[in-house]
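# Coordinate analysis (summary)
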Amino acid sequence: MRATVRLVLFLVFLNVPSIPGAEAQTPTPTPEATAPPAPVSAPAGAGGKMFNPDIAVIGDFLAAAGKNDTAFASPSLEMHETEASFQAIVDPYARADFFLAFSNEEVGVEEGFITFTSLPASLLLKVGKMRGAFGKVNAMHNHVLPWTDRPQVVQNLLGGEEGISDAGVSLSHLFPLRLVYLEATGEVYRGESELFHAPRRGDLSYVGRLRAYRDLTESTNLDLGGSYASGHNDVGFTTQLFGFDATFRYRPLRRAIYRRAIARTELIWSRRQDSGETIRAFGGYASLEYQLARRWFVGIRADRSERADDPSLVDEGGSVLLTFWPSEFSQIRGQYRHLKYGEGETADEVLFQLLFSIGAHGAHAF
Amino acid sequence: MNRLSFVAALIAASLAASQAGAALQVVTTTEDLASITREVGGDKVKVESLSRGYQDPHFVEAKPSFVIKLHSADLLVVVGRELEIGWLPPLVTQARNAKVQPGGAGYLDASLHAKILDIPTGQLTRAMGDVHPQGNPHYWLDPDNGRRIADDVAKKLGALDGANAAYYAERQAAFDKKLAEAGQRWDAMMGPYKGLKIVTYHRSWPNFTDRFGLDVVGYVEPRPGIPPTPGHTLDLIKEMKAKNVKIILVEPYFDLKTPNSIARETGAKVLVLPPSVGGEKGIDDYVELFDHDMQMLVAAIKETAAK
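Predicted model only: the values in this text are computed from it and were never measured.

### Observations concerning the overall build of chain B
The helix and strand tally for chain B stands at 10 helices and eight strands. Structurally, chain B occupies a C-alpha span of about 85 × 40 × 35 Å along its principal axes. The buried share among the 307 residues of chain B stands at 52%.

### Brief notes about the nonpolar core
Formed by 88 residues in total, the largest nonpolar core has its most connected members in Leu70, Val77, Leu91, Val153, Ile248, Leu249 and Leu271 of chain B. If one sorts the elements of this core by residue count, helix α6 (residues 165-190) of chain B sits on top with seven residues. Here this core spans two domains, and each of domain 1 (15-185) and domain 2 (187-304) of chain B adds at least three residues to it. Leaving out residues up to four positions away in the same chain, leucine 70 of chain B has contacts with Val27, Leu76, Leu91, Val92, Ala95, Asn97 and Val100 of chain B. One finds Leu157, Val207, Leu241 and Ile268 of chain A within the second-largest nonpolar core, a separate group that totals 17 residues.

### What to know about the pairing of strand β2 (residues 45-49) of chain B
In summary, the side chains of a regular strand alternate between the two faces of the sheet. Residue and element names in this part refer to chain B. Only one face of β2 is covered, namely the one carrying Val45, Val47 and Ser49; the face carrying Lys46 and Glu48 has none of its residues buried. In this structure, strand β1 (residues 24-28) lies alongside β2, joined through five bridges in parallel fashion. Directly across from glutamine 25, in β2, lies its bridge partner lysine 46.

### Let's talk about the confidence of the model for chain A
Residue and element names in this part refer to chain A. For chain A, mean pLDDT is 88; residues scoring 70 or higher make up 87% of the total. Throughout residues 1-5 the model reports pLDDT below 50, and contacts reaching past four residues in sequence, or to other chains, amount to one contact. Low pLDDT, under 50, characterises residues 7-33; the stretch is placed with 35 contacts to residues that sit more than four places away or in other chains.

### Describing the domain arrangement of chain B
Residue and element names in this part refer to chain B. By the assigned domains, chain B splits into domain 1 (15-185) and domain 2 (187-304). Once you take the C-alpha centre of each, domain 1 and domain 2 turn out to be 26 Å apart. Taken together, the contact between domain 1 and domain 2 spans 30 residues of the former and 28 residues of the latter. At the level of secondary structure, the elements contributing two or more residues to the side of domain 1 that touches domain 2 comprise α2 (31-41), α5 (143-160) and α6. When the residues that make up the side of domain 1 that touches domain 2 are grouped by side-chain class, the tally is nine nonpolar, 11 polar and 10 charged.

### Section: the environment of methionine 240 of chain B
You can see methionine 240 of chain B is positioned in helix α8 (residues 230-243). Between the alpha carbons of methionine 240 of chain B and glutamine 172 of chain B there is a distance of 42 Å; along the sequence they are 68 residues apart.

### Side note on unusual backbone geometry
All names here are of chain B. Positioned with a positive phi, glutamate 82 is a non-glycine residue whose angle comes to about 65 degrees. For glutamate 82, the position within the fold is in the loop between β3 (75-78) and α4 (88-94). Under the C-beta neighbour-count criterion, glutamate 82 is labelled buried, with 20 such atoms within 10 Å. The residue asparagine 244 is not glycine, and still its phi comes out positive at about 55 degrees. Along the chain, asparagine 244 turns up in the loop between α8 and β7 (247-250). Asparagine 244 gets classed as exposed once you count the C-beta atoms within 10 Å, which come to 12.

### Notes on the packing of α2 of chain B against α5 of chain B
Residue and element names in this part refer to chain B. The interhelical angle for the contact between α2 and α5, taken along N-to-C directions, is 55 degrees, at an axis separation of 9 Å. Relative to α5, α2 is oriented oblique. By crossing handedness, the relation of α2 to α5 is classed as right-handed. Of the residues in α5, those touching α2 at Leu33, Ile36, Thr37, Glu39, Val40 and Gly41 are Gly146, Ile149, Ala150, Val153, Ala154 and Leu157. Among the residues forming the contact of α2 with α5, the class breakdown is eight nonpolar, three polar and one charged.

### What to know about the sheet that holds strand β5 (residues 197-200) of chain B
Residues and elements named next belong to chain B. The sheet built from four strands is open, its strands ordered β6-β5-β7-β8 with parallel pairing. Of all strands in the sheet, those bounded by a partner on one side alone are β6 (215-219) and β8 (269-272). This sheet shows a mean twist of 30 degrees between the axes of neighbouring strands, independent of strand direction. Strand direction decides the pairing type here: β5 and β6, joined by four bridges, are parallel. In the strand pairing of β6, threonine 200 is matched with tyrosine 219. Packing of helix α10 (residues 286-304) onto the sheet brings it into contact with β7 and β8, and relative to β8 it is tilted by some 175 degrees.

### Some details on the sheet that holds β2 of chain B
Residues and elements named next belong to chain B. Across the sheet, four strands lie side by side as β2-β1-β3-β4; this open sheet has parallel pairing. Lying at the two open borders of the sheet, with one neighbouring strand each, are β2 and β4 (107-109). Strand-to-strand twist of the sheet, defined as the mean angle between neighbouring strand axes without regard to direction, takes the value 20 degrees. Note: β3 against β4, three bridges, orientation parallel. In the sheet register, valine 77 faces β4, and the bridge partner there is leucine 108.

### Looking at α6 of chain B
The α-helix advances 3.6 residues per turn, and as a result positions three or four apart in sequence lie on the same side. All names here are of chain B. A rise of 1.5 Å per residue sets the reference length of α6, with its 26 residues, at 38 Å; its end C-alpha atoms lie 36 Å apart and thus fit the reference within 8%. Taken together, the buried positions of α6 are Ala165, Tyr168, Ala169, Arg171, Gln172, Ala173, Phe175, Asp176, Leu179, Gly183 and Met190. Contacts made by the buried residues of α6 are with α2, α5, α7 (206-212) and α10.

### Quick look at the packing of α2 of chain B against α6 of chain B
Residue and element names in this part refer to chain B. Their axes nearest at 7 Å, the elements α2 and α6 cross at an angle of 120 degrees. Put simply, α2 runs oblique to α6. For the pair α2 and α6, the contacting residues are Glu39, Val40 and Gly41 in the first and Tyr168, Arg171, Gln172 and Phe175 in the second. The residue inventory of the contact of α2 with α6, partitioned by class, reads three nonpolar, two polar and two charged.

### Brief notes about the confidence of the model for chain B
All names here are of chain B. For chain B, per-residue confidence averages 92 on the pLDDT scale, and residues scoring 70 or more make up 93% of the total. In this model residues 10-20 is a low-confidence stretch, pLDDT under 50, and it forms one contact with partners more than four residues away in sequence or in other chains. Model confidence for the complex: the whole-complex pTM is 0.88, and ipTM, which rates the interface, is 0.88.

### Side note on the pairing of β1 of chain B
Residues and elements named next belong to chain B. Taken across its five residues, β1 has four buried, putting it largely inside the fold. As judged from the three bridges shared by β1 and β3, these two strands associate in the parallel manner. From the neighbouring strand, valine 26 faces β3, where its bridge partner is leucine 75.

### A few points about α5 of chain B
The end-to-end C-alpha distance of α5 of chain B, which contains 18 residues, comes to 25 Å, matching closely the 26 Å that a straight helix rising 1.5 Å per residue would cover. In terms of burial, α5 of chain B is a largely internal element, 15 of the 18 residues being buried.

### Quick word on the environment of aspartate 348 of chain A
All names here are of chain A. With respect to the helices and strands, the residue aspartate 348 is situated in strand β16 (residues 346-359). Its 13 C-beta neighbours within 10 Å are what place aspartate 348 among the partly exposed residues. Apart from the residues lying within four places of it in its own chain, the contact partners of aspartate 348 are Gly66, Lys67 and His338.

The rules behind each value
Residues numbered from 1 in each chain as written. Chains lettered and ligands numbered in written order. Predicted model: local features only at pLDDT ≥ 70, side-chain atom pairs only at ≥ 80, totals over all residues. Helix = DSSP H or I, 4+ residues; strand = E, 2+ residues; numbered from the N terminus. Buried ≥ 20, exposed ≤ 12 C-beta atoms within 10 Å, placed from the backbone. Core = buried A, V, L, I, M, F, W, Y, C linked by C-beta atoms within 7 Å. Domains from an automatic or database assignment. Contact = placed C-beta atoms within 7 Å. Pairing = 2+ DSSP bridges. pLDDT = per-residue confidence, 0-100. Nonpolar A, V, L, I, M, F, W, Y, C, P; charged D, E, K, R; others polar. Axes fitted to C-alpha atoms, helices over the stretch in contact; angles between N-to-C directions. Parallel < 35°, antiparallel > 145°, perpendicular 65-115°, else oblique. Left-handed = near helix turned anticlockwise from the far one by under 90°. Expected span 1.5 Å × (residues − 1).

So, in structure tokens, the structure goes:
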């Protein structure tokens, strides 16, 4: 055991970047031929930024019209969420990302974590409050979803919009293979989220994920994942989730700003224990997103999901979407959604979303 | 004792590994930087570019397969000036490689000593479109900047691989000489056309037009990153007619519909000109890029000279 600790410490030591002053000073030989053009003094433009983090604010405005007489209906007009992000490098070994979400009634830390980027053994460690690495949609913020809502299976089995979002530790390992991107992630959380509950300190929840990705051609790729989560549910027993996700992407490099297609499915199996019995529920969605022109996208999604505590209730339906990008920094989206709830009621709605962002240019999610 | 010998073996193994993996693994974000690094690094480096030359370098997808490449890289060379801001940062974070983190020993921003144009002054807002606060990132299109990049690359390779520092310096000097001579050739080719008015699609060419004395009177995009609008297109047509502009330069990754309709209205010629190595078949290195673009440009000017 002690030897292992020493080995790890030793490996950490090996990976620590050398101190600048200690770098080997190599003499720079002077080229004899033609004198190269004098370097132009152009500092990398710290501008007025100094050590401030990159700051951005994203507004997510939603509107809904049409028929939905259930308790799940969303309001007619709503400033659904305002997300402020603060992102910067902490020190040579880590970076930090904070996302504060302001919604109708509350302000909360949607995510706030540190990522250690210089660990040995192909490890990446995140510590803080995070969205758990269960499947695809759970880890996504609202503004990167290809829809105005979250699929029904997420509402029914994964805790809804908040999902598995909790304080904890995430450790992931990248297998050093050339042909396949293979990544294993293990996470431990306090156990307190929309889905899990932790009345006692020992009621931790766990998330595990294995992701495999491969480029098929330069324009197409396949992304597969298997996920597992377990924790204590609201009646004091254990809920286990098993997930499978598959994504196929097409984006021709030469026409990358005009054309892309993303086909995705996520399937989730829930095993919820409840005083002596185990309730099994299943749900999933399949979606297709297609870019028609530089600023126009269409989409379609099919939903079907049983309820976690009563699998005899099945919600099913579908959506079609149209999205327009005035620029990289704003987005207008309309979604027609038909949904038949397990209780028998039907909802036909038009959902509208306006996303707008100011501040630093964030990277695009993949 | 056992443990000690184990540690010793580990050290020996890691040393052996660093000796055996002779060639430095270099990843660049664009093919232009890859070409320059190959010129300097010769057979002591193995260079791979993440993006292709026919791809818009602003909009590259952050594919996990790039993480694999960054994971094993000894050196990452970036264009900088926020060109890659939309896709590179998450890849570097996930690379699990301390060397290529910003500020790490194996991270090189190629723009640090280059001549950078279009550095905005005064208040900056997104009403100007997708502007780059640190200046125009398409700076590699001036061969003198190519020489400055090569100089930086040689110094960095020498610092990472001291045993071959002289080799890199020698190759850099030879490349510098080659570029200096080629630069004179290109200047001579463009000499007769100094002051020629052209229009370009995106603001990709300021270093190129500055170096070779072309006068850009307008852009097909109303603002950087904003697709053409009918109103702006009409204005541009009017201006091109008034100033007798006969050439529209378009990067290979943009749609030709608007440029073609402008050309029909004005009698100008649409010239698809690759701004990067690999932008077209046969453009395999940095010198060939300029050779190709110069020939195409001069041919187009001659063709439209019967104005």
